[in-house]
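# Commentary on secondary and tertiary structure
What follows is the residue order along each chain.
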Amino acid sequence: MASDGSNPQSRVLTGVHFMLGNYATSEGALAAGCDFFAGYPITPANEISERMSQRLPEVGGTFIQGEDELFSIYAVTGASIAGAKAMTATASAGYNHFQEGIGYAVAVEAPCVIVDVQRCRGENFATQADVMQMRWGTDGDYEIIVLAPSSIQELFEYTVRAFNLAEEYRTPVIVASETTIALMRERLDIPTAEEIEIVNRKYTDLSPDEYKPFAAPEYGVPDFAPLGEGYGTIYSINPHDEEGSIDWDPDVYERMYDRLTGKIAKNRDVICQPRSFAVDDADIVLIAYGSEVRPALDAVQMARDEGIAAGLLKLDAVWPVPEEQIKKATAKAKEVISVEMNIGKYANEIERVVAGRVPVHRCTKNRGIIHSPEEIYRSIKEVWK
Amino acid sequence: MKPLKIRFCGFGGQGIILSAITLGTALVTKKGYYAVQTQSYGSEARGGQCQAELIVADEEVRSPHSDEKDVLVAMSQSALDRYVSDLKQGGILIVDPTLVKEIPEVDGQVIEVPATQTAVDLGNRIAANMVLLGFVQQATGILTKDELLSAVQDLVKPQFIDINTRAIEAGIELAEGINLEVIE
Amino acid sequence: MSPKLYPRRENTRPDSLPHMFCPGCGCGQVLNYFLRACHELDVKPQDMTCIGGVGCAARIPVFLDTDALHGIHGRTLPWATGIKMTRPDMPVVVFAGDGDALSIGGNHFIHAARRNIDVTCIVVNNLNFAMTGGQVAPTTPLAATTMTTPYGSSEPPFDLCKMAETSGATYVSRWTTAHAMQAIRAIKTAMQHTGFSVVEIITGCPTHFGRYALGTGDPTKVVDWIKSAAIPKTRADKMDPEEMSEGLVVGEFVNTQRPVFYGSTIYESGDNDETS
């Protein structure tokens, strides 16, 4: 525990730090109230596990290094159902194994936080290539929340928010980390515990006789009941009715998935809080997420310095897609550029949202390293010939 | 202030990355600046070469990498040969003459700091990186000696604080009379 | 069957019976044995969490009046570990089929035993994949015919109890559905045991294993086969291995104590080394 003089037994290491990204993710989790972590070694996510193995026991939590990623994801869902705020972390290849368990967590509405430090297949170079894997990987219908931090400060803050969203919507929330920021050190200002908003899941006030484990308002979230107190909840991935009974009934099935997807899709404007930079008068609007926001902002500055009216929409949540905000930010734009560190994936979503109203150009880089500002600026100039 | 871009390079085991972390920690947690530190990893670092980059500013740093460095600190010949082209025109090149015998022609200031020899004289060759940090602190004035030593205390295991402190002080002595302008 | 065999009907989930197990399936018997064990120990499934994976046996918790996790194949023990770490006060019982415990979940089984998690694992071994239609399992006897070994199985089976013992389980026993009293006693011992306790129960599957491997779908004949295959441990100890290679040894194999798992790292006070 370097670079801070504060009490290491504290969940919240209030103060100014020069911290590794992976450590900041762990500290965000601890500040949010995480009390269970299971992980399996994989580079470049190891420092998250290492930090959790040191810090969690200090604050009364449990750390487990499992036998594989499947252990991690199911131990996390089990702990979550039992009442813990639980997290696991991996890098891209390990995320493949998580997919199975994410489907379970979605179906039984088990809140949990999953960190994917994206890397290039088998090599620890930078990429954003998992942006679709994080959305579409598991079986069945679902919506999911994926947050994409761009800095060490955001790794901390978005991890806190990931726990809060997980608890509020009873859903797995993914933190889309990247090699670039995970292995970078940067200034991190950790506020006091009082300044950090914490959301906790709701437990039912009803008796076991009155309680229906999956009853909720339209597009709403059901209340939890504690385990082992006679509520008799079945947490099954199989289609289940409001009582939790496993039952095949097309009406039940359709209603269940309308709510499971609706609770996120219908709240997308609350969940997504993108920030815009100089878009009001922009002819060219860049859209970026994660680490790519950083050079994109530099490129916008370079363009403005040269008299080109460029702006940036910085996405915080990439899933659900902030459709209204993208429409609004691009309403007056003549060109849109999707900036990504992959072969150009999220650009398809942007294209879908703007629906032919404005051309969507792709500024992609798939070389294991973040764009330089100059490279993005060149894209702007090409579009603005 | 214009962002200050420093690269430390050498080979694994010299404490190259620790140099960047120590300087970054001091500048952020003691001085109150913003900083970003990155390093080579994976197969990029093959051949035992090692480099760490530090960008320091008085506001949030955006792009974490920079094309041109203001300062290049080289602790091996091969790393210097590889990274010297990244030094900006008029930049500062700091080399350890024990490890670097051929200094390429550069458009800038070249300073030889006998860090390894100094560390050997102090009884621990591995403290050469701290000699260099002491030198950088004194010659550039971007932070105070106390700020640097305080960061070392936060980062280094107790049994190594003494040798590191002595190495930094020796580096400061080597910078006597040298004034490097790095902050614009 | 005598109504006396259902002593604690109130411990079944309301309106969940009749169960969906095939006529002659041993899962119903295991459900019954568990209810009986709870009754005799005066403990209630309501105070526990019971876990099933995927397969026939995985449905057992669904008929119990308990909190249950269900519907994922092979991940019962990771769930159990997460739950137990979070709620060490609450009993956790896993009902796993042989496919669940030894095939897809084999790795988890080994590590749960190695860690000695304080969980009871009842493995309902019907010697084949029954829910999916009678395919070969890691427990299927050598040369047995199944839907995916039409010429007989070339795969030697696992001995689950030996694997549990070698991996570090602290209570291990095997019985069959033809050994009702012994099985109930073993479940009771397992539930009172602190540490990873494994009770394997060999069950009849007339619908699939019976018809394909034994050439009979008659439940009584399947039970007869189980009875003839079962060799009490006391007798097996005196037999030479050749003689009993086809047999299923029943009895209690392990009953010991060692520290239970509470997380991967030892943590007592606050004096951990500081590392950066």
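Note that this is a predicted model, so its numbers are computed, not measured.

This part covers the overall build of chain C. Assigned secondary structure in chain C consists of 9 helices and 8 strands. For a compact globule of 276 residues, the expected C-alpha radius of gyration is about 19 Å, and chain C comes in at 19 Å, within 12% of that figure. Its C-alpha atoms put chain C at 65 × 45 × 35 Å along the principal axes. Put simply, chain C has 276 residues, and 53% of those count as buried. Taking all contacts inside chain C whose residues are at least 6 apart in sequence as the whole, residues at least 24 apart take part in 66%.

Another point: the overall build of chain A. Along its length, chain A carries 13 helices and 15 strands. In terms of C-alpha radius of gyration, chain A reaches 21 Å, essentially the compact-globule figure of 21 Å for 385 residues. With the C-alpha coordinates of chain A rotated into their principal frame, the extents come out at 70 × 55 × 40 Å. In chain A, 76% of the contacts between residues at least 6 apart in sequence involve partners at least 24 apart.

Residues and elements named next belong to chain A. As far as domains go, chain A holds domain 1 (15-195) and domain 2 (273-383). Taken over C-alpha atoms, the centre of domain 1 sits 26 Å from the centre of domain 2. Each side of the interface is counted separately: domain 1 has 23 residues, and domain 2 has 20 residues. Broken down by secondary-structure element, the contributors of at least two residues to the side of domain 1 that touches domain 2 are α5 (133-136), β6 (145-147), β7 (172-178) and α7 (179-182). Take the side of domain 1 that touches domain 2: its biggest share by element is 3 residues, from β6. When grouped by side-chain class, the residues that make up the side of domain 1 that touches domain 2 number 15 nonpolar, 4 polar and 4 charged.

A word on the interface of chain C and chain A. Tallying the contact residues gives 36 residues for chain C and 41 residues for chain A. Taken together, the elements giving at least two residues each to the side of chain C that touches chain A come down to β2 (67-70), α2 (76-86) and α4 (106-115) of chain C. It is α2(C) that provides the largest number of residues to the side of chain C that touches chain A, a total of 8 residues. For the side of chain C that touches chain A, the residue count by class is 12 nonpolar, 17 polar and 7 charged. The pairing of strand β9 (residues 234-236) of chain A with β2(C) spans 3 bridges and is classified as parallel. Each bridged residue has a counterpart across the sheet, and for A:S236 the counterpart in β2(C) is C:H70.

A few words now on the sheet that holds β9(A). Each strand in a sheet pairs with its neighbour through backbone hydrogen bonds, running either in the same direction (parallel) or in the opposite one (antiparallel). The strand order β9(A)-β2(C)-β1(C)-β3(C)-β4(C)-β6(C)-β5(C)-β8(C)-β7(C) describes an open sheet built from 9 strands, whose pairing is mixed. Strands at the two margins of the open sheet, each flanked by one partner only, are β9 of chain A together with β7 (230-232) of chain C. Averaged over all pairs of adjacent strands, the angle between strand axes in this sheet comes to 20 degrees, irrespective of strand direction. As paired strands, strand β1 (residues 49-52) of chain C and β2(C) are joined by 3 bridges and run parallel to one another. Bridge pairing in β2(C) links C:C50 to C:A68. Packing of helix α6 (residues 180-192) of chain C onto the sheet brings it into contact with β4 (120-125), β5 (171-176), β6 (197-202) and β8 (248-255) of chain C, and relative to β5(C) it is tilted by some 160 degrees.

Turning to the interface of chain B and chain A, a few remarks are in order. With 20 residues of chain B at the interface, the matching set in chain A holds 21 residues. Breaking the side of chain B that touches chain A down by element, the ones donating at least two residues are α1 (16-30), β2 (34-39) and α5 (145-155) of chain B. Grouping the amino acids of the side of chain B that touches chain A by side-chain chemistry returns 8 nonpolar, 9 polar and 3 charged. Bridging between strand β8 (residues 185-190) of chain A and β2(B) involves 2 bridges; their strand directions are antiparallel. Following the sheet pairing, A:E186 is matched in β2(B) by B:V36.

Residue and element names in this part refer to chain B. Orientation of α1 relative to α5, taken along the N-to-C sense of each, is 115 degrees, at an axis distance of 8 Å. Comparing their axes, α5 and α1 come out roughly perpendicular. Here α1 runs over α5; the crossing is right-handed. Of α5, the residues touching α1 (which contributes I21, T22, T25, A26, T29 and K30) are E147, L148, S150, A151, V152, D154 and L155. In terms of residue class, the contact of α1 with α5 is made up of 6 nonpolar, 4 polar and 3 charged.

Residues and elements named next belong to chain A. As summarised here, the arrangement of the 5 strands in space is β10-β12-β11-β14-β15, forming an open sheet in which the pairing is mixed. The open sheet has two free edges, formed respectively by β10 (275-277) and β15 (360-364), since each of these has just one partner strand. The sheet shows a mean angle of 20 degrees between the axes of neighbouring strands, direction not considered. Of the pairings in the sheet, the one linking strand β11 (residues 284-289) to strand β14 (residues 335-340) comprises 4 bridges and is parallel in character. What sits directly across from I287, in β14, is S338. Across the sheet, helix α12 (residues 346-354) is in contact with β11, β14 and β15; its angle to β14 comes to roughly 155 degrees. Contacts between helix α13 (residues 373-383) and the sheet are confined to β11, β12 (310-315), β14 and β15, with β14 contributing the most and set at about 155 degrees to the helix.

All names here are of chain C. Take T203: it is sitting in the loop between β6 and α7 (206-214). Judged by C-beta crowding, with 31 C-beta atoms within 10 Å, T203 ranks as buried. Through-space distance from the C-alpha of T203 to that of T177 is 5.4 Å; in sequence the pair is 26 residues apart. Residues in contact with T203, not counting those within four places in the same chain, are G26, C27, Q29, V30, V124, N125, N126 and T177.

To continue, consider the pairing of β8(C). Residues and elements named next belong to chain C. Where β5 meets β8, 4 bridges bridge the pair, whose relative direction is antiparallel. For V172, the partnering residue across the bridge sits in β8 and is V254. Both β7 and β8 contribute to a ladder of 3 bridges, which runs parallel. Paired with I231 across the bridge in β8 is V249.

Moving on: α1(B). Counted at 1.5 Å a residue, the expected span for α1(B) with its 15 residues is 21 Å, and the 21 Å between its end C-alpha atoms agrees. Counting buried residues along α1(B), 14 of its 15 residues qualify, which places the element largely inside the surrounding structure.

For the rest of this paragraph, the subject is unusual backbone geometry. Among all residues save glycine, negative phi is the norm, and among peptide bonds the norm is trans. Cis geometry is adopted by the peptide bond preceding A:P44, which originates at A:T43 and carries an omega value of 5 degrees. With respect to the helices, strands and loops of the structure, A:P44 is situated in the loop between β2 (36-39) and α2 (46-58). Notably, C:N116 is not glycine yet its phi reads approximately 60 degrees, a positive angle. Of note, C:N116 is situated in the loop between α4 and β4.

Packed helices, taken two at a time, are described by their axes: the angle between them and the distance between them. As a packed pair, helix α3 (residues 69-81) of chain A and α2(C) sit with axes 7 Å apart at the nearest point and diverge in direction by 45 degrees. Of the possible angle classes, the one that applies to α3(A) and α2(C) is oblique. With respect to the hand of their crossing, α3(A) and α2(C) are arranged in right-handed fashion. Contacts from A:L70, A:F71, A:Y74, A:A75, A:V76, A:T77, A:G78, A:A79 and A:I81 of α3(A) reach α2(C) at C:P78, C:W79, C:A80, C:T81, C:G82, C:I83, C:M85 and C:T86. Its residues assigned to classes, the contact of α3(A) with α2(C) comprises 12 nonpolar, 5 polar and no charged.

Cut-offs applied
Residues numbered from 1 in each chain as written. Chains lettered and ligands numbered in written order. Predicted model: local features only at pLDDT ≥ 70, side-chain atom pairs only at ≥ 80, totals over all residues. Helix = DSSP H or I, 4+ residues; strand = E, 2+ residues; numbered from the N terminus. Rg over C-alpha atoms; globule rule 2.2 N^0.38 Å. Buried ≥ 20, exposed ≤ 12 C-beta atoms within 10 Å, placed from the backbone. Contact = placed C-beta atoms within 7 Å. Domains from an automatic or database assignment. Nonpolar A, V, L, I, M, F, W, Y, C, P; charged D, E, K, R; others polar. Pairing = 2+ DSSP bridges. Axes fitted to C-alpha atoms, helices over the stretch in contact; angles between N-to-C directions. Parallel < 35°, antiparallel > 145°, perpendicular 65-115°, else oblique. Left-handed = near helix turned anticlockwise from the far one by under 90°. Expected span 1.5 Å × (residues − 1).

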